[in-house]
Amino acid sequence: MAETFLTELCERVRDAAAHGKALRIRGGGTKDFYGAAGRGGEILETTGGSGIVAYEPKELVLTVRAGTPLAEVERALAAERQMLPFEPPHFAPSPPAAAASAATIGGIVACGLSGPRRPYAGAVRDFVLGTRIVNGKGEALAFGGRVIKNVAGYDVSRLMAGALGTLGVITEISFKVLPRPPEEATLAFPLGQGEAIERANRWAGQPLPLSASAWEDGVLRVRLSGAPAAIAAARAKMGGEEDPGGPAYWTALREQRLAFFAGEAPLWRLALPQTAPPLFAGHAQLVEWGGGVRWIRGPADAFALRTEAERAGGHATLFRGGDKSVGVFHPLAPALMKIHRRLKAAFDPAGILNPGRMYDF
Amino acid sequence: MNALATEPALRARTLAALREVRPPLAIVADDEGLKPFETDAFIAHRETPMLAVLPESEAQVREIVNACRRLGVPVVTRGSGTGISGGAIPRSDGVLLVMTKMNRILGIDAAARMAWVEPGVRNLRVSEAAAPSGLFYAPDPSSQSVCSIGGNVAENSGGVHCLKYGLTTHNLLAVRAIEADGDLLEAGSLALDAPGYDLMALICGSEGNLAVITRVAVRLLPLPEATQTLLAAFPSVRRAAEAVGEIIGAGIVPAALEMMDRVVIEACERFMAMGFPAGAEALLLAEVDGCTEEALGDAAGVRSILERCGATEVRMAADAAERERLWKSRKGAFTALANILPDFYTIDGTIPRRCLPDILDRVYELAAEYGLMVGNVFHAGDGNIHPCIFYDANKPGDLERAEELGGRILEACVEAGGTITGEHGVGIEKLRQMCVQFLPAEIEAFHAVKAAFDPDSILNPGKAVPTLRRCTEWRGMRVRAGEIPRPDIPRF
């Protein structure tokens, strides 16, 4: 079944390449909103290649076909008290619960999206051990592997994380997974934005079991994960009030269901060095990732945001809504863009895989 | 290019071009001066570079790369020369770009937990410089007191603490590099991600093939509050391997999980008299760290698992001095082994951890077939094995047999679902095994990646990725017998 799907996928890509027909790669469609508008094309469904290929909890390694629902992966891991450490977002349209979301694991990797645990545990790319892809020539290729240490060949498997399907259709991924922490607690601190950023960074420089942080509306929330004794010791050092609504808060933050994210106003994601001071004055903000991400709602001057983000050492993404014609992703320096174009041409010479979904190629 | 006919003229032209570099550049052009650069730490392979240059700035690197590209002269970049797969072995028709003079720590930002360093900075110096701020740089290859950060990035180096802290690629924020066309490439970002493709992932581990690294932003981590170290003796490798699985299955991710087999145990015993129980077939060294409560709890958990899994003896370090003593068996293994036979060749395969006992049986079987002794020290937590093959460099044919045995072991790793290199890189050593691990279309994709960065193939050509022709026509590598270069560098 999986073999047939792969064979047909390769044929379909080869055929599209031969006729110069663009393909729009799609899993569950939960990230359709993400990325540049693209130049359309026939939809190439990835959900036909689904299922867990191998999962060895004692190896901390999971191999899964790209079309597998994220919810299914999370259930399998939870049964062994393990997790995807980068805490990926489903972005399933509400009301359906995350457990029933259509989000696929391949979509998560292609979009390179990580959740609240990212600054403390690592990003999706950090946990990718290997990928199987079908490149733009319709060839099925495997990079990396199912082992934790592997430096044979260029790290093409990690390159697929966040490439938005523009270099290949991901068909299978191997992840390093981690044990789920036995306990979590959320602390809340009433603080201004500047103080909250300063505090989050100070704590991150200490051996504390941090696993998430967010600031909005004058409150800094911090999540602790680990052994009960470790959490108790950290609480004693950090102070603050326990927020009983913690678990629901972090899920709502990850899924962008907090009130801050409601409505149709454009959502900008400013990725900055975590220690950058409060910026973008005059915009409603939510600060995540220990200061590393500042979300901004409402109409904004793309050029001004980008200039300010770049000056601070970061970059700006028009994450949701707004006018995509201003460019969704931060413009690349010419030296970088040159390499991007050549990589695209190498993996997808006919330019048929998700054309225009990232930049103009 | 007809290299043979034009060599002296090309050398003169190259020398003249490099003398034009401003500010003036340290150039090594005499045979005596070039001698130390003939090899890295890869066994028994040497080549004298046409010229060696030691830049002190990014601007000089750019001019060197530009000059070499214009003249069609290959550039091989070298850090401290501790690589053991031959990635920095020079070419007789190329310039060796030695980065050791670019060795400044440009700044440590303690609040942001990061440091900008030049590529020639030694690995251990970063952690030493960060320690007063309560921070450290996690990747710790065995050669960390000598090896350079630039070399670590080029090789995506690991170390003994990868299971918990990751490889070099997990501990970088940004890399600045000079591309083959002289452009400055800035990959990664001081933010937690960067727009576009993850070019830093490609550069890390590219073995000097994609760009010349001139500056690295490394991520620093808070020093753990407490560290607990345990050493357990087992009556069989299988039992020890089971214990590793049980520890991880119990939800504990140790900072280090190292194993040594009987050959190594006996060597350590003879050399250091550690007093291990007679008949121990495997030693397992486990280290857990974190905040005090966590480290203590995990250590207690590890101890009870070790005992339940049949350890004949478990030692737990009560303080830092005892911890040092327990690590002595692991860190001193290199010296102890060198006492058995001075010449040995270290292999670097990775396998799914559950295959450990079987792969070791296979290693012993193959060793018997070749009539060579093999000792095993390895990162058991990662499934990264380092069989050490002993041979006598003075015995004709011994080295060739050792290398062939090494190749067979790596092929067995691939068969077991693993890889031919966990952390040492391909270099020139494992080109042949690359053809075993990858399909022609995958090898082609690697060449395409190389061409995207370096269309004229100026940077370290011929390393890391075999040509397809070579894969088809392989007849075995010709290697000259000789001494192990840099015998002082720990290799695993």
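Residues numbered from 1 in each chain as written. Chains lettered and ligands numbered in written order. Predicted model: local features only at pLDDT ≥ 70, side-chain atom pairs only at ≥ 80, totals over all residues.

Before going further, it helps to spend a moment on the overall build of chain B. Helix and strand content of chain B: 17 helices and 19 strands. Taking 492 residues into account, the globule formula puts the C-alpha radius of gyration at 23 Å, and chain B, at 23 Å, falls close to it. Projected onto its principal axes, the C-alpha positions of chain B cover 70 × 55 × 45 Å. Partitioning the contacts of chain B with sequence separation of at least 6, the portion at a separation of at least 24 is 73%. (Helix = DSSP H or I, 4+ residues; strand = E, 2+ residues; numbered from the N terminus. Rg over C-alpha atoms; globule rule 2.2 N^0.38 Å. Contact = placed C-beta atoms within 7 Å.)

So, about the overall build of chain A. Broken down by element type, chain A carries 11 helices and 17 strands. For chain A, the C-alpha radius of gyration of 21 Å lies close to 21 Å, the compact-globule estimate for 361 residues. For the C-alpha atoms alone, the extent of chain A along its principal axes is close to 60 × 50 × 40 Å. Scored against the burial criterion, the 361 residues of chain A give a buried share of 53%. (Buried ≥ 20, exposed ≤ 12 C-beta atoms within 10 Å, placed from the backbone.)

Turning our attention to the sheet that holds strand 3 (residues 52-56) of chain A. Residues and elements named next belong to chain A. One open sheet accounts for five strands, arranged 3-4-8-6-7; its pairing is antiparallel. Looking along the sheet, the strands with just one partner apiece sit at the ends: strand 3 and strand 7 (140-144). With strand direction ignored, the average angle separating the axes of adjacent strands in the sheet is 10°. Here strand 6 (residues 128-134) runs beside strand 7; their pairing, made up of five bridges, is antiparallel. By the bridge assignment for strand 7, R132 is matched with A142. (Pairing = 2+ DSSP bridges. Axes fitted to C-alpha atoms, helices over the stretch in contact; angles between N-to-C directions.)

This next bit is on the packing of helix 8 (residues 228-238) of chain A against helix 10 (residues 292-308) of chain B. Where helix 8 of chain A contacts helix 10 of chain B, the axes come no closer than 8 Å and their chain directions differ by 170°. When the axis of helix 8 of chain A is compared with that of helix 10 of chain B, the two are roughly antiparallel. When the axes of helix 8 of chain A and helix 10 of chain B are compared, the crossing they make is right-handed. On helix 10 of chain B, the residues that touch A229, A230 and A233 of chain A of helix 8 of chain A are E293, E294 and G297 of chain B. Residues belonging to the contact of helix 8 of chain A with helix 10 of chain B are distributed by class as follows: three nonpolar, one polar and two charged. (Parallel < 35°, antiparallel > 145°, perpendicular 65-115°, else oblique. Left-handed = near helix turned anticlockwise from the far one by under 90°. Nonpolar A, V, L, I, M, F, W, Y, C, P; charged D, E, K, R; others polar.)

This part takes up the domain arrangement of chain B. All names here are of chain B. Entries for chain B in the domain assignment read domain 1 (3-98), domain 2 (105-222), domain 3 (226-335) and domain 4 (341-473). Here domain 1 and domain 4 have C-alpha centroids that lie 27 Å from each other. Facing the 16 residues of domain 1 at the interface are 17 residues of domain 4. When contributions to the side of domain 1 that touches domain 4 are tallied by element, the ones reaching two or more residues are helix 3 (58-71) and strand 3 (75-78). When residues of the side of domain 1 that touches domain 4 are assigned to their parent elements, the largest contribution, three residues, is made by strand 3. Among the residues forming the side of domain 1 that touches domain 4, the class breakdown is nine nonpolar, six polar and one charged. (Domains from an automatic or database assignment.)

What follows concerns the domain arrangement of chain A. All names here are of chain A. Its domain assignment divides chain A into domain 1 (2-179) and domain 2 (182-263 + 265-320). Computed over C-alpha atoms, the centres of domain 1 and domain 2 are 27 Å apart. Facing the 14 residues of domain 1 at the interface are 16 residues of domain 2.

What follows deals with the packing of helix 11 (residues 334-347) of chain A against helix 16 (residues 440-453) of chain B. Remark: helix 11 of chain A packs on helix 16 of chain B, axes separated minimally by 8 Å, with the N-to-C direction vectors making an angle of 155°. In terms of axis orientation, helix 11 of chain A runs roughly antiparallel to helix 16 of chain B. At the point where helix 11 of chain A passes helix 16 of chain B, the crossing takes the right-handed sense. On helix 16 of chain B, the residues that touch I339, R342, L343 and A346 of chain A of helix 11 of chain A are A448, V449, A451, A452 and F453 of chain B. Grouping the constituent residues of the contact of helix 11 of chain A with helix 16 of chain B by class yields eight nonpolar, no polar and one charged.

The interface is formed by 69 residues belonging to chain A together with 80 residues belonging to chain B. For the side of chain A that touches chain B, the elements supplying multiple residues, two or more each, are helix 4 (118-121), helix 5 (124-127), strand 7, helix 6 (156-159), strand 9 (178-179), helix 7 (193-204), helix 8 and helix 11 of chain A. Here the element with the most residues in the side of chain A that touches chain B is helix 11 of chain A; it accounts for seven residues. Partitioned by chemical class, the residues of the side of chain A that touches chain B number 39 nonpolar, 17 polar and 13 charged.

We now examine the sheet that holds strand 10 (residues 183-190) of chain A. Residue and element names in this part refer to chain A. One open sheet holds the eight strands; their spatial order is 13-10-12-11-15-16-14-17, and the pairing between them is antiparallel. What marks the edges here is a single partner per strand, and that holds for strand 13 (241-242) and strand 17 (315-320). Across two bridges, strand 11 (residues 210-216) lies against strand 15 (residues 284-288) in antiparallel orientation. Looking at the pairing, A214 lines up with E288 of strand 15.

Attention now goes to the confidence of the model for chain B. Residue and element names in this part refer to chain B. Mean pLDDT over chain B works out to 92, with 95% of the residues at or above the 70 mark. Within the model, the stretch residues 475-484 combines pLDDT values under 50 with 16 contacts to residues more than four positions away or in other chains. In the predicted complex, the global pTM is 0.95; the interface-specific ipTM is 0.97. (pLDDT = per-residue confidence, 0-100.)

Once that is clear, we can look at the nonpolar core. In terms of nonpolar packing, the biggest core is built from 265 residues, with V218, L284 and I389 of chain B touching the most fellow members. If one sorts the elements of this core by residue count, helix 8 (residues 237-249) of chain B sits on top with seven residues. (Core = buried A, V, L, I, M, F, W, Y, C linked by C-beta atoms within 7 Å.)

Residue and element names in this part refer to chain A. Of all six residues in strand 17, five are buried; the element is thus mostly enclosed. Pairing between strand 14 (residues 267-271) and strand 17: five bridges, direction antiparallel. Its bridge partner lying in strand 17, A271 is registered against H315.

All names here are of chain A. By the burial criterion, the buried members of helix 2 (residues 70-79) are L70, A71, V73 and L77. Down the axis of helix 2, the buried set is contained in an arc of 160°. They therefore lie on one face. Summarising the geometry of helix 2, the exposed residues directed more than 90 degrees from the buried face are R75 and A79. Taken together, the buried residues of helix 2 touch strand 4 (61-65), strand 5 (82-83) and helix 3 (105-111). (Arc of directions from axis to C-beta.)

In the sheet, strand 3 of chain A pairs with strand 4 of chain A via four bridges, with the strands oriented antiparallel. Among the inter-strand pairings, E56 of chain A is bridged to a residue of strand 4 of chain A, identified as V61 of chain A.

Among the secondary structure elements, P235 of chain B is positioned in the loop between strand 12 (226-234) and helix 8. Ignoring sequence-local partners within four residues, the contact set of P235 of chain B consists of G279, E281, G310 and T312 of chain B.

This part takes up unusual backbone geometry. For the bond from R22 of chain B to P23 of chain B, the omega torsion is -10°, close enough to zero to count as cis. For P23 of chain B, the location among the structural elements is in the loop between helix 1 (3-19) and strand 1 (26-28). Not every positive phi belongs to a glycine, and D217 of chain A is a case in point at roughly 50°. Among the structural elements, D217 of chain A can be located in the loop between strand 11 and strand 12 (219-226). The exposed category is assigned to D217 of chain A, around which 10 C-beta atoms lie within 10 Å. With a phi close to 45°, A273 of chain B is a non-glycine residue in the positive phi region. Its place among the elements puts A273 of chain B in the loop between helix 9 (262-272) and strand 14 (282-290).

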